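Read off the chains here:
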Amino acid sequence: MSDARIEAYSRALFEVAQAEGNLAVVEDELFRMARAVESSEQLRGILTDATIPAERRQQVVEQLMGGKASNTSVQLVSLIVGSGRGRDLPAIVDRLVQRASSEQQREVAEVRSAVALSDDQTKRLAEALSKSTGRKLNLKVVVDPSVLGGLVATVGDEVIDDTVRTRLEQIKTRI
Amino acid sequence: MNLLVTALFAVEDPTQTHHWLLPETAEIIYGGLASVIVFLGLYKFAGPMVKKSMKDRTEKIQKELDGAAAARSKSETDAAGIRQALGDIEAERRKILAEADAQATAILADGRARLVKEVAELEAKAVADLVAARGRSGEELRGEIARLSSAATSSAVAASLNERAQQELIESFIKSVGAAK
């Protein structure tokens with residue numbers, strides 16, 4: 001998809017979420033969904049397969065997100081998938097998150113963890129990262145079992161990696 | 001008339017000569033003259049032809065003699081050439097045999113030297129291969145040990161990553177990031 005079209009979709013999502021008054025929640029839910037689409041080849045295949053009817057793809061989205069995400073988020077993802085832009089969902093959502101962060105003069109910080117963080121941990125981590133980088137951050141936590149343990153935080157070009165996966169890789173290299 | 005004829009025949013009998021050997025004088029005279037004329041004619045007209053014929057014949061014989069002499073000379077030259085060639089052939093045979101001997105000796109020496117060199121090269125290659133194989137085996141062994149160690153480490157770490165360990169890692173990360181500035 002062209003950059004202008006991604007920009008247009010992200011702007012539309014942003015406007016809808018803002019109008020619904022739950023931008024922070026929608027942004028967070030869409031971010032998780034985008035990462036799920038990114039990491040699961042099977043899910044990506046279903047949501048982007050043009051031979052599967054749009055209704056069926058939207059049904060999959062509703063089954064997947066229903067009960068776990070807000071109605072706005074489900075409808076927005078369903079809209080994107082139904083219009084045949086499922087492949088661009090991660091890019092559209094990333095742009096939405098950037099837009100939302102910019103509105104709050106914040107920078108996006110993506111944190112990957114093998115297990116989910118508690119609210120307290122998320123809050124403390126956001127504070128610690130803000131203190132460390134000297135920037136206001138919009139923290140997005142992604143549960144990624146491939147990191148095995150520990151966390152990896154990406155803030156702009158800066159990466160703070162303290163995952164078990166990376167340590168094992170280092171040990172392998174040393175061996 | 002008859003009487004006159006009879007009288008003439010009665011005077012000279014043509015069937016009778018004066019002498020049994022010698023002819024009549026007149027006959028000698030015109031016979032001799034005729035002979036002289038015939039002789040002169042022959043001398044005048046046939047003489048040069050006979051002379052030329054004789055000369056040609058002489059020349060032809062001389063030419064044949066010269067040809068025979070030349071042929072003989074050529075035969076002698078050929079014979080000498082053949083005799084010399086025979087001598088040359090013998091010398092050539094000896095020369096060829098000598099050269100063949102020399103070449104055979106050189107080839108033998110060359111082949112022997114090449115074989116010695118090849119054997120030395122093969123020995124060197126075998127030694128190098130042996131060393132390389134030994135090194136390769138060592139490297140493969142080290143690689144295998146590294147792979148197994150790595151797999152074992154991964155398994156051990158994954159097994160030890162229980163909920164408590166995960167939380168400790170998260171807390172450790174938060175603490176270290178917070179203390180970084």
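Reference entry: report on the structure contained in this document. All figures in this text were calculated on a predicted structure; none of them were measured in a lab.

Calculation rules
- Counting starts from 1 at the beginning of each chain's written sequence and moves along it residue by residue.
- All chains are assigned letters beginning at A, and all ligands numbers beginning at 1, according to the order in which they are written.
- Two thresholds apply to this predicted model, a pLDDT of at least 70 for residue-level local features and 80 or more for giving and counting side-chain atom pairs, whereas whole-chain, interface and lining totals are computed over all residues.
- Only hydrogens and water are set aside; all other atoms, that is, all heavy atoms of the structure, feed into the side-chain values.
- Every helix listed is a DSSP run of H or I at least four residues long, and every strand listed is a run of E at least two residues long, numbered separately from the N terminus.
- We call a residue buried when its accessible area falls under 20% of the maximum for its residue type, exposed when it is over 50%, and partly exposed in between, using a 1.4 Å probe and counting protein chains only.
- Under the convention used here, a 1.4 Å probe and the Shrake-Rupley method define accessible areas, while residue burial counts only the protein chains that appear.
- By the convention used here, strands pair only if DSSP detects at least 2 bridges between them.
- Between N-to-C directions, angles cover 0 to 180 degrees, with each direction set by a line fitted to C-alpha atoms, over the stretch in contact for helices.
- Whether two residues are in contact is decided by their heavy atoms: any pair within 4.5 Å suffices.
- By definition, the buried area sums, over both parts, the 1.4 Å-probe accessible area that each loses when the two are put together.
- The salt bridge criterion pairs a side-chain nitrogen of Lys or Arg with a carboxyl oxygen of Asp or Glu, the two atoms within 4 Å.
- Between N or O atoms, a polar contact is any pair within 3.5 Å; within protein, one atom must be a potential hydrogen donor and the other a potential acceptor, and residues adjacent in sequence are included only when both atoms are from side chains.
- All amino acids are sorted into three groups, where Ala, Val, Leu, Ile, Met, Phe, Trp, Tyr, Cys and Pro are nonpolar, Asp, Glu, Lys and Arg are charged, and the leftover types, Gly among them, are polar.
- Buriedness of a pocket was judged along seven lines, with at least five required to meet protein on both sides within 12 Å; pockets are open sets of points on a 1 Å grid over the protein atoms alone, cavities are sets where a 1.4 Å probe fits but cannot get out, and lining residues have an atom within 4 Å of a point.
- Grid points are joined across faces, edges and corners, and a volume is the space filled by probe spheres set on the points.
- To qualify as a nonpolar core, a set must consist of buried Ala, Val, Leu, Ile, Met, Phe, Trp, Tyr and Cys residues joined through side-chain atoms within 4.5 Å.
- Viewed with both strands pointing away, a crossover whose connecting path from the first strand over the helix to the second turns clockwise is right-handed.

The next subject is the overall build of chain B. Per the secondary structure count, chain B includes 3 helices and 0 strands. What you see in chain B, going N to C, is helices and strands ordered as α-α-α. Split into buried and exposed, the 181 residues of chain B put 7% on the buried side. Just so you have it, chain B exposes about 15,500 Å², and 66% of that area is on carbon and sulfur atoms.

Our focus in this paragraph is the sheet that holds strand β4 (residues 158-163) of chain A. Residues and elements named next belong to chain A. Taken together, the 4 strands give an open sheet; going across it, the order is β2-β1-β3-β4, and neighbouring strands pair in mixed fashion. Unpaired on one side and paired on the other, β2 (137-143) and β4 mark the two borders of the sheet. Strand-to-strand, the axes of this sheet are offset by a mean angle of 15°, without reference to chain direction. Bridge count between strand β1 (residues 107-113) and strand β3 (residues 150-155): 5 bridges; the pairing is antiparallel. Within β3, the residue paired with Glu110 across the bridge is Thr154. Across the sheet, helix α7 (residues 119-133) lies against β1, β2, β3 and β4, angled at about 130° from β2, the strand it touches most.

With 24 residues of chain A in contact, the opposing surface of chain B contributes 20 residues. Across the interface of chain A and chain B, roughly 2,000 Å² is buried in total on both sides, 69% from carbon and sulfur atoms. Among the ionic pairs, Glu171(B) bridges to Arg124(A), the shortest N-O distance being 2.7 Å. For the pair chain A and chain B, the number of links is 5 residue pairs in polar contact (both at pLDDT 80 or more). Elements with a minimum of two residues in the side of chain A that touches chain B: α7, β3, β4 and α8 (164-174) of chain A. If you tally residues by element for the side of chain A that touches chain B, the top one is α7(A), at 7 residues. Split into classes, the residues belonging to the side of chain A that touches chain B amount to 14 nonpolar, 5 polar and 5 charged.

Where empty space is left in the structure can be found by rolling a water-sized probe over the atoms. All names here are of chain A. By volume, the largest pocket is sized at about 400 Å³. Along the walls of the largest pocket sit 18 residues, with Asp28, Thr122, Asn138, Leu139 and Lys140 positioned nearest its centre. Elements with a contribution of two residues or more to the lining of the largest pocket: α2 (23-39), α7 and β2. Looking at the lining of the largest pocket residue by residue, the classes come out as 7 nonpolar, 4 polar and 7 charged.

It is worth spelling out the nonpolar core at this point. Ranked by internal contacts, the top residues of the largest apolar core, which has 30 residues, are Leu13(A), Leu30(A), Met33(A), Leu47(A), Val77(A), Leu89(A) and Val93(A). Of all the secondary structure elements, the ones that give two or more residues to this core are α1 (3-20), α2, α3 (41-48), α4 (54-65), α5 (71-82) and α6 (89-103) of chain A. Among the elements that take part in this core, α2(A) stands out by supplying 7 residues, more than any other. Sequence-distant contacts of Leu47(A), defined by excluding residues within four places in its chain, comprise Met33(A), Val37(A), Arg57(A), Val60(A), Val61(A), Val81(A) and Gly86(A). Residues Leu125(A), Val155(A), Ile174(B) and Val177(B) belong to the second largest nonpolar core, which totals 18 residues.

What follows deals with the pairing of β2(A). All names here are of chain A. Of all 7 residues making up β2, 6 are buried, and the element is well covered by its neighbours. The pairing of β1 with β2 spans 7 bridges and is parallel. Of the residues in β2, the one forming a bridge with Glu107 is Leu137. Chirality of the crossover, the property in question, places the unit of β1, α7 and β2 among those that are right-handed.

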